[in-house]
Amino acid sequence: MPMNIPLLNDQTPRTVLKMINLEASQLSLPDSRELMLGALGVYGVLQAIAQAFNHSLLGSLIYGLLSTGFLYGATYGLLRVLKEDAKLQRTATALAIMGAIAALAYTILHLIFAIALPSPLPTEKLLRFLLFPILIWMAFMYAFLFRHVSLRPVPAFVIAALFVLVIEVILSPICR
């Protein structure tokens, strides 16, 4: 039985690029369970890879699983409260894709600075400094996506900031 994964469709990569530029919402994505599961899987793997520089292998794998579970579970709970259950697959897909892009950016930055700067230099402090704009971008991106599920701007930003804080600030030290 062949699987029809819309990621291979021409429209999906263009929609993702438009979402990065805040020109399109998650409602432009195909409503596909396979795409959502694939996006969540890639998100979990890239989050684990991004944390593997600072955590043990087991800790980074646990972090990838917990952050994926939190992202999906909190999105499910939020949309359930808002009575917007029909938007769950698209919203979870969009959040996972944007989070995966942020994790990939952090991984690339880490590799560039780990290679460019020798070990006695404070590479980790510099990376934490560079991670801050990525976290701010994630909060704004998540807020933009939450605006398209019936939230006003301030509640959308507060919830987006809570998502980012829980995933990046609370779960990260727990999984060391």
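Throughout what follows, the structure given in this document is the object of discussion.

What counts and how
- Residues numbered from 1 in each chain as written.
- Predicted model: local features only at pLDDT ≥ 70, side-chain atom pairs only at ≥ 80, totals over all residues.
- Heavy atoms only, no water.
- Phe/Tyr/Trp six-rings, centres within 6.5 Å; stacked < 30°, edge-to-face > 60°.
- Helix = DSSP H or I, 4+ residues; strand = E, 2+ residues; numbered from the N terminus.
- Buried < 20%, exposed > 50% of the residue type's maximum accessible area, 1.4 Å probe, protein only.

1. Quick word on the packing of aromatic side chains
For step 1, the next point in the chain: Enumeration according to the criterion identifies 4 aromatic pairs in this entry.
For step 2, the next point in the chain: For the pair F140 and F157, a centre-to-centre distance of 5.1 Å together with 45 degrees between the ring planes defines the contact as tilted. Placement of F140 in helix α5 (residues 123–147) and of F157 in helix α6 (residues 153–174) is noted, with a sequence separation of 17 residues between them.
For step 3, the next point in the chain: According to the relative accessible area criterion, F140 is partly exposed, its value standing at 48%.
For step 4, the next point in the chain: Residue F157 is classed as partly exposed on the basis of its relative accessible area, which comes to 33%.
For step 5, the next point in the chain: Plain terms: the ring middles of F146 and F163 are 5.1 Å apart, the flat faces sit at 65 degrees to each other, and that makes the pair edge-to-face. With F146 in helix α5 and F163 in helix α6, this residue pair connects regions lying 17 residues apart in the sequence.

2. A short note on the environment of K125
For step 1, the next point in the chain: Tracing the chain through its elements places K125 in helix α5.
For step 2, the next point in the chain: Here K125 falls in the exposed class, since its relative accessible area comes to 60%.
For step 3, the next point in the chain: Sequence separation between K125 and L65 is 60 residues, and the spatial gap between their C-alpha atoms is 26 Å.

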